[in-house]
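Each chain, written out:
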Amino acid sequence: MEPSRRSNVSATGAVILLLVFVAAGMMVPIGAKRPPCSHLSATFHGVCVFNRDCAAVCVHESPFNIGGACGGFPGRCYCETIPPLCQP
């Protein structure tokens, strides 16, 4: 017996919904607070989705950067700087 078309549509919908929840869990919440010693990356291009990609660009960008994180909407890459070197 063949599965009905309705059950195939339901299964497809469930898989898509699951993928949306997984993708949402990997993203930074909108409006997340940036560390006090952070600045917009000068070399990161595109929408920032993964913190690890942002951090890699920031560390390569300057020896004073200690990491990076995505923030805002649309996602932008903010580099974290060594606290004594922060600009007010």
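The present account deals with the structure reproduced in this document. Predicted model, so just to flag it, every value in this text is computed and none were measured.

Here we come to the state of the cysteines. Applying the stated criterion to the full structure yields three disulfides. Disulfide pairing is shown between cysteine 54 and cysteine 77; the S-S distance is 2.0 Å. The S-S bond linking cysteine 54 to cysteine 77 shows a torsion near 85°; that makes this disulfide right-handed. One end of the pair, cysteine 54, is in helix H2 (residues 51-61); the other, cysteine 77, is in strand S3 (residues 76-81), with 23 residues separating them in the sequence. Each sulfur in the disulfide pair cysteine 58 and cysteine 79 lies 2.0 Å from the other. Between cysteine 58 and cysteine 79, the S-S torsion sits near -80°, and that sign places the bridge as left-handed. Here cysteine 79 lies in strand S3 and cysteine 58 lies in helix H2, a separation of 21 residues in the sequence. For cysteine 58, a relative accessible area of 0% corresponds to the buried category.

Turning our attention to the sheet that holds S3. Spatially, S1-S3-S2 is the arrangement adopted by the three strands of the open sheet, whose pairing is antiparallel. The sheet is open, and its two edges are formed by strand S1 (38-40) and strand S2 (65-71), each paired on a single side. Taken pair by pair, the neighbouring strands of this sheet meet at an average axis angle of 35°, ignoring direction. Relative to S3, S2 runs antiparallel, the two being bridged by six bridges.

So, how was this worked out
- Residues numbered from 1 in each chain as written.
- Predicted model: local features only at pLDDT ≥ 70, side-chain atom pairs only at ≥ 80, totals over all residues.
- Heavy atoms only, no water.
- Disulfide = S-S within 2.5 Å.
- Helix = DSSP H or I, 4+ residues; strand = E, 2+ residues; numbered from the N terminus.
- Buried < 20%, exposed > 50% of the residue type's maximum accessible area, 1.4 Å probe, protein only.
- Pairing = 2+ DSSP bridges.
- Axes fitted to C-alpha atoms, helices over the stretch in contact; angles between N-to-C directions.

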